[in-house]
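Examination of the molecular architecture
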Amino acid sequence: MREALIVWGGWSGHEPQECAHIIRDMLEGDGFKVYLENSTEAFADPSIHDLSLIVPIVTMSKIEKEEVKNLAAAIESGVGIAGYHGGAGDSFRESVEYQFIIGGQWVAHPGNIIDYTVNITRPDDPIMEGITDFPYTSEQYYMHVDPSNEVLATTTFTGDHAYWIDGVVMPVAWKRKYGQGRVFYSSLGHQAKEFDVPQMKTIFRRGANWAAR
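Residues numbered from 1 in each chain as written. Predicted model: local features only at pLDDT ≥ 70, side-chain atom pairs only at ≥ 80, totals over all residues. Heavy atoms only, no water.

Our next topic: the nonpolar core. In this structure, Ile23, Leu27, Leu53, Val118, Phe184 and Phe204 are the most contacted members of the largest nonpolar core, which totals 39 residues. For Leu53, the residues in contact, after removing those within four places along its chain, are Glu3, Ala4, Leu5, Leu27, Phe32, Val79, Gly80, Ile81, Ala82, Ala208, Ala211 and Ala212. Core analysis: the next-biggest nonpolar cluster, separate from the first, contains 33 residues, Val68, Ala72, Ala88 and Tyr178 among them. (Core = buried A, V, L, I, M, F, W, Y, C linked by side-chain atoms within 4.5 Å. Buried < 20%, exposed > 50% of the residue type's maximum accessible area, 1.4 Å probe, protein only. Contact = heavy atoms within 4.5 Å.)

Laid out in structure tokens, this is it:
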């Protein structure tokens, strides 16, 4: 049986505990044995090297050197990692090693909660199969991203809230490798209710299953 670890915490505005329970139920439905922890100390446990998947849901906060070192080593050896929104893309702002794993870092969401469009750029990829462009209401993440990411979906900024980024096309979902480990990230999911959006939930679910070894 595949085993997954969900580590939740950090800023409460992203409802990490509620989202952790949603993802736990999702993964259990896909046949995973799931462990939940609410401290980054879990990343330092040698047993994470035996997992199939790690899901971090920790916005901001801090990660100790021994924690990120062990996490990076586990992923490099083949453990998968799947994350979303600020729970993975705005975690541990001072840890460049963690950002190197994820492949991106949040820097702004102009206009806060707004309406925007998610454009599917890789409809041939199994993660995006059957999903077409769709409207979305949430924070539209502006991110600094790794050019090695395999981008699956994007969004285009209008400039209404920051005129100098008018027309900028920004990755929304991607997959990548970190050593032998598979990494999946989606910027969608500001709060738990967004898992009610079928496309958002399907993209994350498929991405997590793809990342898991």
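A few words on the UniProt feature "domain: ThuA-like" (unreviewed entry) in the protein chain. Per the UniProt annotation, the sites labelled "domain: ThuA-like" (unreviewed entry) are residues 4-211. Between the C-alpha atoms that bound residues 4-211 the distance is 11 Å, and the span itself is 25% helix and 34% strand. (UniProt positions renumbered as here; feature names shortened; annotations may be inferred. Helix = DSSP H or I, 4+ residues; strand = E, 2+ residues; numbered from the N terminus.)

Another point: the pattern of salt bridges. Tallied over the entire structure, the rule returns seven salt bridges. Lys175 serves as the salt-bridge partner of Asp125, at 2.5 Å between the closest nitrogen and oxygen. Separated by 50 residues along the polypeptide, Asp125 in the loop between strand 6 (113-120) and strand 7 (134-139) and Lys175 in strand 10 (residues 169-178) bring together distant segments of the chain. Grouping residues by exposure puts Asp125 and Lys175 together as buried. Arg176 is the partner of Asp146 in a salt bridge, and the nearest nitrogen-oxygen pair spans 3.3 Å. Taken together, the residues Asp146 in the loop between strand 8 (142-145) and strand 9 (150-156) and Arg176 in strand 10 connect sequence positions 30 residues apart. With respect to class, Asp146 is no different from Arg176; both count as buried. Shared partners join several salt bridges into a network, and the residues in it are Arg122, Asp124 and Glu150. (Salt bridge = Lys/Arg side-chain N within 4 Å of Asp/Glu carboxyl O.)

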